[in-house]
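# Observations on the model geometry
Spelled out, the chains give:
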Amino acid sequence: QIPKDPTQRWLRELTAMSQQLQQVHPNVLAKILKQRTLYQNEEIVVIDKPYGLPVHGGPGIKNCIADVLPILAKMLESMKAEPLHLCHRLDKETTGVMVLARSKEAAEKIRLLFKTRQVEKIYWAIVLGNPDPVEGVVEIPIVEKEVQSHQSHYKMTLAPRYRVCPEDGRVVKVRGDRHAERAVTRYRRLAAASACSLLQLQPITGVKHQIRVHLAYGLGCPILGDHKYSHWSKLAPQKLPELTLRRLKLEQSKARHLPLHLHAHRLCLPLGQPLDFVCKLPLFFQKTLRKLELDIPKD
């Protein structure tokens, strides 16, 4: 039964996005990824990763990219093809450019390029609020901590090396957390409307959930649909501004259905000659931009 009301229809689509890919047969999933192949040569295969598909398996996960790499390799090449290899990871809810390698050697070479920060990655995200300043660099170490609440869980969070003295406003150095990892994210605002902004992001380092943590806790602008990092102590749907809800034609009680609006837009890989891959925004992301009246940059 397809709802007539466009808002209800959109909600249904959003709710179904993650579930659909978990319910298909692995062969069907491999076929979907084959259709989403952007580029391939003798060393690599580049795909446009769909929303809600985890890279690795885990509890409650029926389908993930890692599991269908042998099938995908055979579909792209021949029945004798060896399985493709993962070179980096994207969060389950992140969409966009993902590189796979055809051999172990190529995978190791590409992993080294990521590790030594020779790969340029550009993401787009819709965030709540307006970053101040509108362009800059967030450089705050990140560490994983346990959240003590009625449902104990783990989250990545900031581990700043400096703090402001409340007495005189001086900035003083504090002893760093030895488990914290260095994390650097460049950001630039591309558009603003409806109490939201569209940001272009360039993570210089590659810490787990780095962009999400830097935006939510460093800039105070959590990503739209990031229900994990919109508050620290509770596991609850993101609280949206009135204007945003109105533009999205959404009630706060339905905010939990909003997907994470984070997209790996572009990736530049220096393999011999620089290879530049661009992935266009998924339809749900484009729809949200239109609803929020955020102007899509011509890129």
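Every value quoted in this text rests on a predicted model; they were computed, and no experiment measured them.

### Considering the UniProt feature "domain: Pseudouridine synthase RsuA/RluA-like" (unreviewed entry) in the protein
Here, the residues flagged by UniProt with the feature "domain: Pseudouridine synthase RsuA/RluA-like" (unreviewed entry) are residues 44-216. Note that residues 44-216 is 18% helix and 38% strand, and that its end C-alpha atoms are spaced 34 Å apart.

### Looking at helix α1 (residues 6-23)
Because an α-helix packs 3.6 residues into every turn, residues spaced three or four apart end up facing the same way. The first and last C-alpha atoms of α1 sit 25 Å apart over 18 residues, in line with the 26 Å expected at 1.5 Å per residue. Taken as a whole, α1 carries its principal kink of about 40 degrees at Met17. Within the sequence span of α1, burial applies to Thr7, Trp10, Leu11, Leu14, Ala16, Met17, Leu21 and Gln22. Where α1 is buried, its residues meet α2 (26-35), α6 (242-248) and α7 (283-292).

### Description of the environment of Ile65
Within the fold, Ile65 resides in helix α3 (residues 65-76). In this structure the C-alpha to C-alpha distance between Ile65 and Thr157, which are 92 residues apart in sequence, comes to 27 Å. Those residues within four positions of Ile65 in sequence are excluded, and the remaining contacts are Leu33, Ile47, Lys49, Leu53, Pro54, Val55, Leu86 and Met98.

### Focus: the layout of surface pockets
Considered as a void within the structure, the largest pocket measures approximately 1500 Å³ in volume. For the largest pocket, the lining is made up of 50 residues, of which Leu90, Asp91, Thr94, His209 and Arg212 are closest to its centre. Among the secondary structure elements, those contributing two or more residues to the lining of the largest pocket are α1, α4 (104-115), β5 (120-128), β12 (196-203) and α5 (210-218). Top element by residues in the lining of the largest pocket is α1. It accounts for five residues. Counting contributing residues per domain, the lining of the largest pocket is built from domain 1 (1-116) and domain 2 (120-293), each supplying no fewer than three. What the second largest pocket holds in volume is close to 530 Å³. Around the second largest pocket, the lining is made up of 20 residues, and of these Met17, Arg36, Pro282, Leu283 and Phe284 lie nearest the centre.

The rules behind each value
- Residues numbered from 1 in each chain as written.
- Predicted model: local features only at pLDDT ≥ 70, side-chain atom pairs only at ≥ 80, totals over all residues.
- Heavy atoms only, no water.
- UniProt positions renumbered as here; feature names shortened; annotations may be inferred.
- Helix = DSSP H or I, 4+ residues; strand = E, 2+ residues; numbered from the N terminus.
- Expected span 1.5 Å × (residues − 1).
- Bend = angle between axes of the 7 residues up to and from the residue.
- Buried < 20%, exposed > 50% of the residue type's maximum accessible area, 1.4 Å probe, protein only.
- Contact = heavy atoms within 4.5 Å.
- 1 Å grid on protein atoms, 1.4 Å probe; cavity = no way out; pocket = protein on both sides within 12 Å on 5 of 7 lines; lining within 4 Å.
- Points joined across faces, edges and corners; volume = space filled by probe spheres on them.
- Domains from an automatic or database assignment.

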